[in-house]
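# Descriptive structure summary
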Amino acid sequence: MSASAGTGVFVFSLTSIPICYLCNSLICNDRCLQMFHYTYFILTGCCFAVYAVFAFLSVVNLIIGLEQDNIIDGFVTFYLKEADPHINTAHGHMISYWDGCVHYLMYLLVIAAITWGDSYRSIGLYWVGSFLMRAIVYILGNTVGLYNQKNCNTDPNSNYIVIVMIIMNPVDFCFQETQRKRLSQRPTDMLFVIYLIPAFAFCVFRGLIALDCSGQWCQDYALQFEPYLKDPTAYPKVQMLVSLLYSGPYYFLALYALIVPGCGWMPDLTLVHSGALAQAQFSHIGASLHTRTPFSFRVPLSSQPLFLLVNVIYALVPQLLCYRCSTQPEFFLSTRTTSDKKTE
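Conventions used here
- Residues numbered from 1 in each chain as written.
- Predicted model: local features only at pLDDT ≥ 70, side-chain atom pairs only at ≥ 80, totals over all residues.
- Heavy atoms only, no water.
- UniProt positions renumbered as here; feature names shortened; annotations may be inferred.
- Helix = DSSP H or I, 4+ residues; strand = E, 2+ residues; numbered from the N terminus.
- Buried < 20%, exposed > 50% of the residue type's maximum accessible area, 1.4 Å probe, protein only.
- Contact = heavy atoms within 4.5 Å.
- Areas by Shrake-Rupley, 256 points an atom, 1.4 Å probe, with all protein chains shown as cover.
- Axes fitted to C-alpha atoms, helices over the stretch in contact; angles between N-to-C directions.
- Parallel < 35°, antiparallel > 145°, perpendicular 65-115°, else oblique.
- Left-handed = near helix turned anticlockwise from the far one by under 90°.
- Nonpolar A, V, L, I, M, F, W, Y, C, P; charged D, E, K, R; others polar.
- Core = buried A, V, L, I, M, F, W, Y, C linked by side-chain atoms within 4.5 Å.
- Domains from an automatic or database assignment.
- Expected span 1.5 Å × (residues − 1).
- Phe/Tyr/Trp six-rings, centres within 6.5 Å; stacked < 30°, edge-to-face > 60°.
- Salt bridge = Lys/Arg side-chain N within 4 Å of Asp/Glu carboxyl O.

Looking up the protein in an unreviewed UniProt entry gives the name Transmembrane 6 superfamily member 1, with the organism given as Periophthalmus magnuspinnatus. Looking at the protein in UniProt, the text filed under Function (unreviewed entry) is "May function as sterol isomerase." Its UniProt record, at the heading Subcellular location (unreviewed entry), says of the protein: "Lysosome membrane".

Structure representation (structure tokens):
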């Protein structure tokens, strides 16, 4: 892809602003609204334009978030009123901003990598984790939560994952001889191992709260620090259960990979998980404090410093672990694989 084509994708994504405003002025019935959705599905079927469509819809999501917070008006009013009432929740606000900012940046980075002939596999894996977490929680929350009786449309972005997994380019691993040091000789990895144990406990603890555990500690924590976990929209409960089922096993796998050398799957796994956890924590922290969340389910003012400290650390350390595994993967590359590669 040439530089001019990459610039064209960026310009095309910005055309969503006048298009949304025009559609909001013209679309006034359900039939037109359905045609609006079908157009999105048709566009995503064209592989040659896939990243342009991704970027275009990310800007649309940003417009949705801005209009939800009354920063702008008259762009997607028809969509907010007729199509997805559940997107007006605090969780809906957060995922709109995440898609409109973070995912949009990822798409532009992918376009830049293609333009310069670089690999975009790491960005793609990070996006896969972020998108899967967003889609699973959003769809399941719509199904079992407060809006389960309403005619909630399936997320139009849910078919992206198939296309990206097909066109994601492979990476050529450069195997190097590794020095198999013990954990005590790797202080950075030692710190990560120490972190993974309480992180797993915290993940299980919040999962138990989501399952309405009757333990006194669970009840007190939910009441004093994270009452949002009891929000009837079900997004936080689904979020914690998804984290329990996927992040929980990940912590054990990461612990094993940091102790035993040669786990070549570790760098890719950390990319997917860190993307998922970043999206999850951004949505959870933002929704816990957002004014759209009923006051009784917001974090109490006296508990906000501790709530932010714990949740920000819980979100940032996996990003640091991902950076360590991606930039210094030598410990995770098998020496046997290296020998085989050299022989070939």
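### Focus: the overall build of the protein
Scanning the protein from terminus to terminus reveals 14 helices and zero strands. Overall, the protein shows an N-to-C arrangement of helices and strands of α-α-α-α-α-α-α-α-α-α-α-α-α-α. Out of the 344 residues belonging to the protein, those deemed buried represent 49%. Within the protein, contacts between residues at least 6 apart in sequence are counted, and of these 78% link residues at least 24 apart. Per element, the accessible surface of the protein, about 16,900 Å² overall, is 67% carbon and sulfur.

### Focus: the packing of helix α6 (residues 90–116) against helix α7 (residues 121–144)
One can describe the packing of α6 onto α7 by two numbers: an axis separation of 11 Å at closest approach and a directional angle of 160°. Between α6 and α7, the interaxial angle falls into the category roughly antiparallel. In the packing of α6 onto α7, the handedness of the crossing is left-handed. Between α6 and α7, the contacting residues are His91, Ile95, Trp98, Asp99, His103, Met106, Tyr107, Leu109 and Val110 on the first element and Ile123, Tyr126, Trp127, Ser130, Phe131, Arg134, Val137 and Tyr138 on the second. The class makeup of the residues in the contact of α6 with α7 is 12 nonpolar, three polar and two charged.

### Let's talk about the nonpolar core
Grouped together as the largest cluster of nonpolar side chains are 48 residues, with contacts concentrated most on Tyr51, Ile64 and Tyr79. When contributions to this core are tallied by element, the ones reaching two or more residues are α4 (50–68), α5 (77–83), α6, α7, α11 (235–259) and α12 (266–289). Both domains that furnish three or more residues to this core are identified here as domain 1 (3–167) and domain 2 (183–327).

### Some details on α12
In this model α12 runs 34 Å from its N-terminal to its C-terminal C-alpha over 24 residues, within 8% of the 34 Å that 1.5 Å per residue would give. Most of α12 is tucked away, with 20 of its 24 residues classed as buried.

### Here we look at unusual backbone geometry
You will see that aspartate 212, though not glycine, has its phi angle at about 60°, which is positive. One can find aspartate 212 in the loop between α9 (187–210) and α10 (216–224). The backbone of alanine 234 sits at a positive phi, close to 75°, despite the residue not being glycine. Exposure remark for alanine 234: the relative accessible area of 9% places this residue in the buried category.

### So, α4
In this model α4 runs 27 Å from its N-terminal to its C-terminal C-alpha over 19 residues, within 8% of the 27 Å that 1.5 Å per residue would give. In terms of burial, α4 is a largely internal element, 17 of the 19 residues being buried. Immediately beyond the C-terminal end of α4, within one or two residues, lies asparagine 70, with a positive phi of roughly 60°.

### Some points on the UniProt feature "transmembrane region" (unreviewed entry) in the protein
In this numbering, the UniProt entry assigns the feature "transmembrane region" (unreviewed entry) to residues 6–28, 40–64, 95–116, 123–140, 160–178, 190–211 and 238–259. Its end C-alpha atoms 30 Å apart, residues 95–116 is made of 100% helix and 0% strand. Between the end C-alpha atoms of residues 123–140 there is a gap of 26 Å, over a span that is 100% helix and 0% strand.

### As for the packing of aromatic side chains
Aromatic rings in a pair are described by how distant their centres are and how their planes are angled relative to each other. According to the stated counting rule, one finds 13 aromatic pairs in the structure shown. An angle of 15° between the planes, with centres 5.0 Å apart, marks the rings of tryptophan 127 and phenylalanine 131 as stacked. Of this pair, tryptophan 127 and phenylalanine 131 both sit in helix α7, separated by four residues, roughly a single helical turn. As far as burial versus exposure is concerned, tryptophan 127 and phenylalanine 131 are alike and both buried. Aromatic side chains phenylalanine 202 and tyrosine 314 sit 5.2 Å apart centroid to centroid with 75° between the ring planes, which places their arrangement in the edge-to-face category. Pair noted here: phenylalanine 202 is in helix α9 and tyrosine 314 is in helix α13 (residues 304–327), with a separation of 112 residues, a long-range link.

### Regarding the pattern of salt bridges
This model, assessed by the stated rule, comprises seven salt bridges. In this structure, the salt-bridge partner of aspartate 212 is lysine 230, at a minimum N-O distance of 3.2 Å. Here aspartate 212, found in the loop between α9 and α10, pairs with lysine 230, found in the loop between α10 and α11; they are 18 residues apart in sequence, far enough to count as distant. Residue classification places lysine 230 among the partly exposed positions, given a relative accessible area of 26%. Between aspartate 212 and lysine 237 there is a salt bridge, with its nearest N and O atoms 3.6 Å apart. Residue aspartate 212 is located in the loop between α9 and α10, and its partner lysine 237 is located in helix α11; the two are separated by 25 residues in the primary sequence. Taken together, the salt bridges that share partners define one network made up of Arg186, Asp189 and Arg324.

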